[in-house]
Structure formats: C-alpha cells, structure tokens
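Here is what each chain is made of, one letter per residue.
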Amino acid sequence: MPEKTLTIAIVTKQRPEKLARCLESIIDQIVKPTTITVVDNDPAMSATKICQEFENKLPIRYLTDSTQGTPQARNRALIECETEFCAFIDDDCVLDKHWVEVGLKTMENPDATYVVGNSLVLNDKS
C-alpha cells in the first residue's frame, strides 16, 4: 500500500516565537508530514525569518495572504495543497510526537470524516 501524503497547514500572524515552537514539535514527529505550509497573515511578513530558519529541517512552503482572517488563510492553504490529506494546526500548538502517525492511521478507516489529535496549547487565553 502506498504511503499516505500529508500537509500540515499553519496560519500565523505576528507570533514568530510560537510558530518556531510549533515547528520544533513537527521536527520531533515519529512519522514526518510530506509538507508544512505556513500561511503568514501578517502584511509585515513576520514569519519569514522563522520559516527560513527551518527550511533545512522541514519541507516548508511559505505563503503570504494579504486578505486578513484565518478562514481566508486556511482556504489559501487548501488551494495550494498537493497532498492526499491536509491537517490544520494553530501556530501556538505543540504536537505530541505521534500526532501525524495517529492521524494518518485513523484516516485509514473509511468511515472517518475528520481526525482530532492531541496537542498542547500554550496560550495564555486558553
């Protein structure tokens, strides 16, 4: 059976430190995603430097979207997605190291509509 392909899409805006922590948790995945798409929703492109720092560690695709708002940015990620599956995480999430592995395994169930995985949200407002 061919390997499943997965894009992890992250929308970010003016939170480069949180994005970096999130990307570190993707590096630690037992099963690696095919692509990580970062959609920077900041007109000042504050995620550029972080994405450049990780481009040798992860298969990052950096996009900007001038239309403000998470729904628009997520739609942009979906339009650009070239893999079988697309998973969305927030830039303030730290993924459990089995997040991709368990998500892809769960998607083998033909009755699965969506998958929600464990992550640690490090947000003062959560």
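All values reported here derive from a predicted model rather than from experimental measurement.

*Asks:* Please clarify how the nonpolar core should be interpreted in this entry.
*Replies:* Most often, soluble globular proteins keep nonpolar side chains buried together rather than apart. Counting residues in each nonpolar core, the largest one holds 23 residues, and the members touching the most others are Ile8, Ile10, Leu23, Ile26 and Ile36. Listed in part, the six residues of the second largest apolar core include Val39, Leu63, Ala73 and Ala77.

*Asks:* Looking at this structure, how should I read the pairing of strand S3 (residues 60-64)?
*Replies:* Regular strands show a simple pattern: their side chains alternate between the two faces of the sheet. When strand S2 (residues 35-40) meets S3, the two strands line up parallel, connected through five bridges. Directly across from valine 38, in S3, lies its bridge partner tyrosine 62. Handedness of the crossover joining S2 and S3 through helix H2 (residues 48-54) is recorded here as right-handed.

*Asks:* I would appreciate a short explanation of the pattern of salt bridges in the present structure.
*Replies:* Between side chains of opposite charge, a pair can form when the charged atoms approach closely. Applying the stated criterion to the full structure yields seven salt bridges. For aspartate 91, the salt bridge goes to arginine 15, with nearest N and O atoms at 2.4 Å. One end of the pair, aspartate 91, is in the loop between strand S4 (85-90) and strand S5 (93-95); the other, arginine 15, is in the loop between strand S1 (6-12) and helix H1 (16-27), with 76 residues separating them in the sequence. With a relative accessible area of 27%, arginine 15 lands in the partly exposed category. Residue arginine 61 is joined to glutamate 80 by a salt bridge in which the shortest nitrogen-to-oxygen separation is 2.8 Å. Linking arginine 61 in strand S3 with glutamate 80 in helix H3 (residues 70-80), this pair joins segments that are 19 residues apart in sequence. The partly exposed category is assigned to arginine 61, whose relative accessible area is 28%. In this structure, a network of salt bridges that share partners links the residues Arg15, Asp91 and Asp92.

*Asks:* How do you make sense of the sheet that holds S4 when you look at a structure like this?
*Replies:* Through backbone hydrogen bonds, the strands of a sheet pair up, either in parallel or in antiparallel fashion. Taken in spatial order, the four strands line up as S3-S2-S1-S4 in an open sheet, and their pairing is parallel. At either end of the open sheet lies a strand with only one pairing partner, and these are S3 and S4. Taken pair by pair, the neighbouring strands of this sheet meet at an average axis angle of 25 degrees, ignoring direction. Sitting on the sheet, H3 is in contact with S1, S2, S3 and S4, with an inclination near 150 degrees to S4. Sheet contacts for helix H4 (residues 99-106): S1 and S4; angle to S1, the most-contacted strand, approximately 125 degrees.

*Asks:* Help me understand the environment of phenylalanine 54, please; the structure alone is not making it clear to me.
*Replies:* With respect to the helices and strands, phenylalanine 54 occurs in helix H2. As a C-alpha pair, phenylalanine 54 and isoleucine 27 span 27 residues in sequence and 9.4 Å in three-dimensional space. Those residues in contact with phenylalanine 54 that sit more than four places away from it in its chain are Ala20, Leu23, Glu24, Ile27 and Ile60.

*Asks:* Is there a simple way to think about the packing of aromatic side chains in this case?
*Replies:* To describe a pair of aromatic rings, you give the distance between the ring centres and the angle between the ring planes. Tallying each qualifying case throughout the model produces zero aromatic pairs. We note lysine 57 situated over the ring of phenylalanine 54; from NZ or CZ to the ring centre the distance is 5.0 Å.

The rules behind these values
Residues numbered from 1 in each chain as written. Predicted model: local features only at pLDDT ≥ 70, side-chain atom pairs only at ≥ 80, totals over all residues. Heavy atoms only, no water. Core = buried A, V, L, I, M, F, W, Y, C linked by side-chain atoms within 4.5 Å. Buried < 20%, exposed > 50% of the residue type's maximum accessible area, 1.4 Å probe, protein only. Pairing = 2+ DSSP bridges. Helix = DSSP H or I, 4+ residues; strand = E, 2+ residues; numbered from the N terminus. Right-handed = clockwise from strand over helix to strand, strands pointing away. Salt bridge = Lys/Arg side-chain N within 4 Å of Asp/Glu carboxyl O. Axes fitted to C-alpha atoms, helices over the stretch in contact; angles between N-to-C directions. Contact = heavy atoms within 4.5 Å. Phe/Tyr/Trp six-rings, centres within 6.5 Å; stacked < 30°, edge-to-face > 60°. Lys NZ or Arg CZ within 6 Å of the ring centre and 35° of its normal.

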